Amino acid sequence: MSSVFKALSDPTRRRVLQLLRKGPMSAGALCDHFDVSKPTMSAHFAVLREADLVHAEKAGKSVLYHLKLSVLEDALLGFANSLRLGASEQTHEKGWER
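What comes next is a walk through the structure. (Residues numbered from 1 in each chain as written. Predicted model: local features only at pLDDT ≥ 70, side-chain atom pairs only at ≥ 80, totals over all residues. Heavy atoms only, no water.)

What the protein contains, in helices and strands, is six helices and three strands. Moving toward the C terminus, one meets the helices and strands of the protein in the order α-α-β-α-α-β-β-α-α. Across the 98 residues that make up the protein, the buried fraction comes to 32%. Here the contacts in the protein between residues at least 6 apart in sequence split such that 49% fall between residues at least 24 apart. (Helix = DSSP H or I, 4+ residues; strand = E, 2+ residues; numbered from the N terminus. Buried < 20%, exposed > 50% of the residue type's maximum accessible area, 1.4 Å probe, protein only. Contact = heavy atoms within 4.5 Å.)

Structure (structure tokens):
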């Protein structure tokens, strides 16, 4: 889970994920949305792959990136569970006190 939150800590990587919500995009098309060097974007892509938030697929000379939304959802649910979010509502519904 920590690799997911490391990946999400950077605004550039969060923007990449937002762009990928619309569908797969090539590395070049993603880079066109940012005013940073290609090596810098490559490093961002590596962090996203390491966190398993994106899948990279070779397409000829290009690399297509796909969002792995289920990984992000699982990480956020795991985080919420670790904080026991919703526990107060459950205990209140059952008449329990903290």
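Following the structure, the description resumes.
Before going further, it helps to examine the nonpolar core. With 23 residues, the main nonpolar core has V4, V16, L30, F45 and L53 as its most contacted residues. Every element with two or more residues in this core is listed here: α1 (2–8), α2 (11–20), α3 (27–31), α4 (38–50) and α5 (69–82). Apart from the residues lying within four places of it in its own chain, the contact partners of L30 are V16, L19, L20, M25, F45 and Y65. (Core = buried A, V, L, I, M, F, W, Y, C linked by side-chain atoms within 4.5 Å.)

Residue placement: Q18 occurs in helix α2. Owing to a relative accessible area of 46%, Q18 belongs among the partly exposed residues under this scheme. Sequence separation between Q18 and L67 is 49 residues; the distance between their C-alpha atoms is 9.0 Å.

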